[in-house]
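Residues per chain are reported as follows:
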Amino acid sequence: MSAHPAPRPRMTLGDLAAKKRVGEPLVMVTAYDHPGARIAEEAGVDLVLVGDSAAMTVLGYDSTVPMTVDEMLMLTRAVRRGLDGPLLVGDLPFGSYEASDALALATAQRFVKEAGVDLVKIERGGTTVDRARALVAAGIPVVGHVGLTPQTATALGGYRAQGRSAEAAIAVIDDAIALQDAGVSLLVVEAVPAEVTAALRARIDVPVIGIGAGSDADGQVLVFHDLLGLTETPAARFVKRYADLRAAAVAGVAAYADEVRSGAYPAPEHTYGMPAAEAARLAELLAAR
Ligand code: KIV
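Model, not experiment: these values are computed from the prediction. (Residues numbered from 1 in each chain as written. Predicted model: local features only at pLDDT ≥ 70, side-chain atom pairs only at ≥ 80, totals over all residues. Heavy atoms only, no water.)

K.L.:
Pulling in residues and values, what's your account of the pairing of strand S1 (residues 26-30)?
P.N.:
A regular strand places its side chains so that they alternate between the two faces of the sheet. In terms of burial, S1 is a largely internal element, four of the five residues being buried. One ladder, built from four bridges, connects S1 with strand S8 (residues 219-222); its direction is parallel. Its bridge partner lying in S8, Val 27 is registered against Gln 220. In the sheet, S1 pairs with strand S2 (residues 47-50) via three bridges, with the strands oriented parallel. Its bridge partner lying in S2, Thr 30 is registered against Leu 49. As a crossover connection, the stretch from S1 through helix H2 (residues 34-43) into S2 is right-handed. (Buried < 20%, exposed > 50% of the residue type's maximum accessible area, 1.4 Å probe, protein only. Helix = DSSP H or I, 4+ residues; strand = E, 2+ residues; numbered from the N terminus. Pairing = 2+ DSSP bridges. Right-handed = clockwise from strand over helix to strand, strands pointing away.)

Here it is as structure tokens:
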């Protein structure tokens, strides 16, 4: 019997569209390293996003803005090595795609060539729509991201729900439609009222993945560290915690510290032995020195 289960066949964009057609919700989660990817793989999710939320969840920055392409690529390669079935989405970090189509293409090609992503994600409408069109024209599948776009949160008035007035809602919906017209394969909609998600989804054919966008989406995405309770700071209103791994981890490390200090660890079962004859010979050799 093999120690590893047989690899799942890789999902395709066609599979995502088929799931949307039959109303089967799409499940996306972030991952930032190899163990996280293996967990997502085994849990059977459809898509894994190496989000630039890694800036806060694993690198200790206070926003996604400082994240570099090289930092993202290192994390994304680790996730790639752990995935078989789910589609892998790489998040292009702030400053790596906005200035021109050429910059966006050069960055996205690095994500495809060096980290093996299936799709790249870029934030906002506006000029990002042109970047999306250029990437799609070059054969790189794109995920759009509208609503709360953390890379430009300052311009949006902070990390707060978007589209809460009728006019603001229309702006979010128009961004989504423009990104779809540019050819994106998928849309992430973050932190908008459920009414906005419903109105947007009624006008959009590509799958819509919500985060803090209510249940009227084609799927959901959550940040790995949020849903598993690994973060120290309070999570956003829309996060549901499915585990409390941070408390378990602190308890585990504290128990280890206690046992090292008391001498209870390592016990004989954690210790390598030497054949008695070799131990006796070692004693002789040491005595003779
Ligand atoms: O960076 C990220 O994790 C994201 C998700 C929250 C959608 O963009």
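Having seen it, we continue.
K.L.:
Which residues make up unusual backbone geometry, and what values go with them?
P.N.:
Here the amide bond leading from Tyr 265 into Pro 266 is cis, since omega sits at 0°, within 30 degrees of zero. In this fold, Pro 266 is placed in the loop between helix H10 (245-262) and helix H11 (276-287). Positive phi, normally seen in glycine, also occurs at Arg 124, with a value near 85°. Inspection of the secondary structure assignment puts Arg 124 in the loop between strand S4 (119-123) and helix H6 (127-137).

K.L.:
Describe the packing of helix H7 (residues 166-182) against helix H8 (residues 194-202), naming the residues involved and giving the relevant values.
P.N.:
Closest axis-to-axis distance for the H7/H8 pair is 10 Å, and the angle between their directions is 35°. Of the two elements, H7 crosses H8, and the hand of that crossing is right-handed. Facing H7, whose interface residues are Ala 169, Val 172, Ile 173 and Ala 176, H8 presents Val 196, Ala 199 and Leu 200. Partitioning the contact of H7 with H8 into residue classes produces seven nonpolar, no polar and no charged. (Axes fitted to C-alpha atoms, helices over the stretch in contact; angles between N-to-C directions. Left-handed = near helix turned anticlockwise from the far one by under 90°. Contact = heavy atoms within 4.5 Å. Nonpolar A, V, L, I, M, F, W, Y, C, P; charged D, E, K, R; others polar.)

K.L.:
Pulling in residues and values, what's your account of the site of the ligand?
P.N.:
Inspection of the region around the ligand gives Thr 30, Leu 49, Gly 51, Asp 52, Ser 53, Asp 91, Lys 121, His 145, Val 188, Ile 211 and Val 223 as its neighbouring residues. Here Asp 91 contributes a side-chain N or O atom positioned 3.2 Å from an oxygen atom of the ligand. Here the ligand, which alone exposes 260 Å², has 95% of that area covered by the protein. Classifying every residue of the shell around the ligand gives four nonpolar, four polar and three charged. (Near = heavy atom within 4 Å. Polar contact = N/O pair within 3.5 Å; in protein donor to acceptor, adjacent residues only side chain to side chain. Areas by Shrake-Rupley, 256 points an atom, 1.4 Å probe, with all protein chains shown as cover.)

K.L.:
Describe H7, with residues and values.
P.N.:
In a regular helix each residue adds 1.5 Å, so 17 residues correspond to 24 Å; H7 covers 24 Å between its end C-alpha atoms and thus fits that length. When H7 is considered as a whole, its buried residues turn out to be Ala 169, Val 172, Ile 173, Ala 176, Leu 179, Gln 180 and Ala 182. Residues of H7 that are buried in the fold lie against H6, strand S5 (142-147), strand S6 (186-190) and H8. Of the residues flanking the end of H7, it is Gly 183, one or two places downstream, whose phi is positive at about 110°. (Expected span 1.5 Å × (residues − 1).)

K.L.:
So, the sheet that holds strand S3 (residues 87-91): which residues are in play, and what are the values?
P.N.:
Pairing is parallel in the closed barrel, where eight strands are placed in the order S1-S2-S3-S4-S5-S6-S7-S8. Shown here is a sheet whose adjacent strand axes are inclined to one another by a mean of 25°, direction ignored. Sheet strands touched by H6: S4 and S5. Its angle to S4, the strand with the most contacts, is close to 165°.

K.L.:
Outline empty space enclosed by the protein, listing residues and values.
P.N.:
All chains considered together, the criterion is met by one cavity of 30 Å³ or more. By volume, the largest cavity is sized at about 40 Å³. Around the largest cavity, the lining residues are Phe 94, Tyr 97, Glu 98, Glu 123, Arg 124, Thr 128, Gln 151 and Thr 152. The residue inventory of the lining of the largest cavity, partitioned by class, reads two nonpolar, three polar and three charged. (1 Å grid on protein atoms, 1.4 Å probe; cavity = no way out; pocket = protein on both sides within 12 Å on 5 of 7 lines; lining within 4 Å. Points joined across faces, edges and corners; volume = space filled by probe spheres on them.)

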